[in-house]
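For reference, the chains in residue letters:
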Amino acid sequence: MSPGRVLLVDDDPKIRTVVRKSLEGEGFEIIEADTAECALGVFAGDDIDLVMLDINLGADNGFEVARNIRKTSQIPIIMISGKEEIIDKVVGLELGADDYITKPFHIREVLARVRAVLRRSQKANGSDVENPRSGARRSGSRVYHFDGLSLALDSLELFGRDGKEQELTSADFRLLGVFLKRPKRVLSREQLMDLTGGIDWTPLDRTIDNQVARLRKKIERDPSQPNLIKTVRGIGYMFVSEVDENTDHDLSKRA
């Protein structure tokens, strides 16, 4: 059984060949695309488990491809860039990318990151969810209720105070899940990066701060005066709301 089907999007045929041969050697199925149009066409017509997406696609923009994918799917995305720019990482994560690789890269690093992202995706969706596009909940799905919101973490569904489903990226879900599992505990930025399986962290990296700011806009009653995720000066953040966890599928129940 194949460990996964990967859509590899890069306009450099040499890069595609190297990555394809390496991943195929580990049992992965690879579908190649060299333009945004080709990539989106493949994505719409095939069952894909993970997308590896180059930011620079000649005349096309990898960010736009990611944005289009995120309109309909939470499938894992690994962004690839030819330069190590913090702004590229931030933009990629803002769009919902799950990881980030900088060229030139070692193929072992690529394999490790692909496996890690797929493991996280499978764990988040549940072992009986075959396709990451599926939103079906498992029996006994964990549901967290907090401040009028309800999150089914296993199926990646968040319902707002008005009862309507809220749109979150996979990165948002991972970060919110970390907070909900550890309420009223101070978590450093380094801990949050480790727990969310994020990209390599440095003391000057503002990735977590940007992710927290984005999440606040989606769950706080007043993002300018956050009452759920509090900043702990010089350390990190703490989720301060009461959290009720159960396995009830009735997401209309509110804490």
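**Examining helix 2 (residues 36-45)**
Okay, so step 1: Along helix 2, the residues that are buried comprise Ala 36, Ala 39, Val 42 and Phe 43. Looking straight down helix 2, one finds its buried side chains confined to an arc of 135 degrees; they lie on one side. For helix 2, exposure combined with an orientation more than 90 degrees from the buried face picks out Glu 37, Ala 44 and Gly 45.
Okay, so step 2: Looking at the buried residues of helix 2, the elements they touch are strand 1 (5-9), strand 2 (29-33), strand 3 (50-54), strand 4 (56-57), strand 5 (60-61) and helix 3 (62-70).

**Let's talk about helix 7 (residues 189-196)**
Okay, so step 1: Listed as buried for helix 7 are Arg 189, Leu 192, Met 193 and Thr 196. When helix 7 is viewed along its axis, its buried side chains cluster within an angular range of 100 degrees and face the same direction.

**Observations regarding the confidence of the model for the chain**
Okay, so step 1: Per-residue pLDDT for the chain has a mean of 81; in total, 79% of the residues score no lower than 70.
Okay, so step 2: Here residues 127-139 scores under 50 on pLDDT; set against residues more than four positions off or in separate chains, the count is 33 contacts.

**Comments concerning the pattern of salt bridges**
Okay, so step 1: Applying the stated criterion to the full structure yields 19 salt bridges.
Okay, so step 2: In this structure, Arg 115 engages Glu 26 in a salt bridge whose closest nitrogen and oxygen atoms are separated by 2.6 Å. Here Arg 115, found in helix 5 (residues 107-125), pairs with Glu 26, found in the loop between helix 1 (13-25) and strand 2; they are 89 residues apart in sequence, far enough to count as distant.
Okay, so step 3: Of the charged contacts, one joins Arg 161 and Asp 147 as a salt bridge, the two residues approaching to 2.6 Å between their closest N and O atoms. In this pair, Arg 161 sits in the loop between strand 10 (157-159) and strand 11 (165-166) while Asp 147 sits in the loop between strand 8 (143-146) and strand 9 (149-152), placing the two residues 14 residues apart along the sequence.
Okay, so step 4: Relative accessible area serves as the criterion here: at 23%, Asp 147 is assigned to the partly exposed category.
Okay, so step 5: A network of salt bridges, in which partner residues are shared, links Arg 16, Arg 20, Glu 24 and Glu 32.

**What to know about the side chain of Arg 16**
Okay, so step 1: By the secondary structure assignment, Arg 16 is in helix 1.
Okay, so step 2: Judged by its relative accessible area of 13%, Arg 16 is buried.
Okay, so step 3: In terms of polar contacts, Arg 16 uses its side chain to reach the side chain of Glu 32, at 2.7 Å.

**A closer look at unusual backbone geometry**
Okay, so step 1: Along the chain, Lys 103 connects to Pro 104 via a cis peptide bond; the corresponding omega equals -5 degrees.
Okay, so step 2: Even without a glycine there, the phi angle at Asp 147 is positive, about 50 degrees.
Okay, so step 3: Unlike most non-glycine residues, Lys 184 shows phi in positive territory, near 60 degrees.
Okay, so step 4: Tracing the backbone through its elements, the reader meets Lys 184 in the loop between helix 6 (170-181) and strand 12 (186-188).

Calculation rules
- Residues numbered from 1 in each chain as written.
- Predicted model: local features only at pLDDT ≥ 70, side-chain atom pairs only at ≥ 80, totals over all residues.
- Heavy atoms only, no water.
- Buried < 20%, exposed > 50% of the residue type's maximum accessible area, 1.4 Å probe, protein only.
- Helix = DSSP H or I, 4+ residues; strand = E, 2+ residues; numbered from the N terminus.
- Arc of directions from axis to C-beta.
- Contact = heavy atoms within 4.5 Å.
- pLDDT = per-residue confidence, 0-100.
- Salt bridge = Lys/Arg side-chain N within 4 Å of Asp/Glu carboxyl O.
- Polar contact = N/O pair within 3.5 Å; in protein donor to acceptor, adjacent residues only side chain to side chain.

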